[in-house]
Amino acid sequence: YFSLPSTAGNKLYYETRIKTSDVDQMDILVGLTETFATNPENALLSANIIGFLLADGSAVISGVTEASGSQTITTLDTNLSTLTNDTYVTLGFVATKGNSDGNDTVEFFINRKSAGITTSTIPTANMKMMVMSISGDATGQKVTTLDYMMGAQDRDVTYADGPA
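Bear in mind that the values here come from a model prediction, so they are computed numbers and not experimental data.

Draft legend 1. Structural context of the pairing of strand 3 (residues 49-54). Burial analysis of strand 3 places 5 of its 6 residues in the buried class, the great majority of the element. Two elements, strand 2 (residues 26-33) and strand 3, share 6 bridges in a ladder whose sense is antiparallel. Within the sheet, the bridge partner assigned to Val30 lies in strand 3 and is Phe52. One ladder, built from 5 bridges, connects strand 3 with strand 4 (residues 62-67); its direction is antiparallel. The residue bridging Leu53 from the neighbouring strand is Ser62, located in strand 4.

What follows is the structure, encoded as structure tokens:
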């Protein structure tokens, strides 16, 4: 489980690498969600999300944050966010607990380049890593391939006679 750290300046990290066979005929959600039951589409019903969303009918992926059922879609740099069939893309984000201004932030990365940032509807709930892919139509076989997925977060651990 991961959540936005409670200490100002601490970070939560997520990264995955995926490809899909038909980028404009898929619904994809990758990142962290609070709810993920047996059916993949249940991830879309979560009240708390940080991740990337590809909607059927579009080959352009967006950033998504949702806290307590209130969602924000972040339009990302289209030079980076326009996907190509059968081509791997690395998607990642860094969520940072706000400093004295109180603004929590999520910065989205595509192929490890900054693609957008938001300070809206950033959840603090415990969430799980997930990847969800659903075919947008009933014709042909659609395949999404997951290469890897990883997450980490600052935990304010210190070691005697060592670095913080």
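Draft legend 2. The side chain of Thr16, seen in detail. Its location among the elements puts Thr16 in strand 1 (residues 11-20). Exposure remark for Thr16: the relative accessible area of 0% places this residue in the buried category. Among the polar contacts made by the side chain of Thr16, one reaches the main-chain carbonyl oxygen of Tyr148 at a distance of 2.6 Å. Each residue touching Thr16, except ones within four places of it in the same chain, is listed here: Val30, Val89, Thr90, Leu91, Val131, Leu146, Tyr148 and Met149.

Draft legend 3. Molecular detail of the nonpolar core. Ile50, Phe52, Leu91, Phe93 and Ile110 are the most contacted members of the largest nonpolar core, which has 28 residues in total. Elements with a contribution of two residues or more to this core: strand 1, strand 2, strand 3, strand 6 (89-96) and strand 7 (105-110). Discounting residues that sit within four places of it in the chain, Ile110 has contacts with Phe52, Ile61, Leu76, Leu80, Ser81, Val89, Thr90, Leu91 and Ala115.

Draft legend 4. Layout of the packing of aromatic side chains. Counting across every chain of the model gives 2 aromatic pairs. Their ring planes at 20° and their centres at 5.3 Å tell us that Tyr14 and Phe93 sit as a pair that is stacked. A residue pair is termed long-range when its members are at least 10 positions apart, and Tyr14 in strand 1 and Phe93 in strand 6 qualify at 79 residues. A relative accessible area of 1% places Phe93 in the buried class. An angle of 75° between the planes, with centres 5.3 Å apart, marks the rings of Phe52 and Phe108 as edge-to-face. With Phe52 in strand 3 and Phe108 in strand 7, the pair connects residues that are 56 residues apart, well separated along the chain. The burial state of Phe52 is the same as that of Phe108; both residues are buried. The side chain of Arg17 reaches across the aromatic face of Tyr88, ending 3.8 Å from its centre.

Reading the values: the criteria
Residues numbered from 1 in each chain as written. Predicted model: local features only at pLDDT ≥ 70, side-chain atom pairs only at ≥ 80, totals over all residues. Heavy atoms only, no water. Buried < 20%, exposed > 50% of the residue type's maximum accessible area, 1.4 Å probe, protein only. Helix = DSSP H or I, 4+ residues; strand = E, 2+ residues; numbered from the N terminus. Pairing = 2+ DSSP bridges. Polar contact = N/O pair within 3.5 Å; in protein donor to acceptor, adjacent residues only side chain to side chain. Contact = heavy atoms within 4.5 Å. Core = buried A, V, L, I, M, F, W, Y, C linked by side-chain atoms within 4.5 Å. Phe/Tyr/Trp six-rings, centres within 6.5 Å; stacked < 30°, edge-to-face > 60°. Lys NZ or Arg CZ within 6 Å of the ring centre and 35° of its normal.

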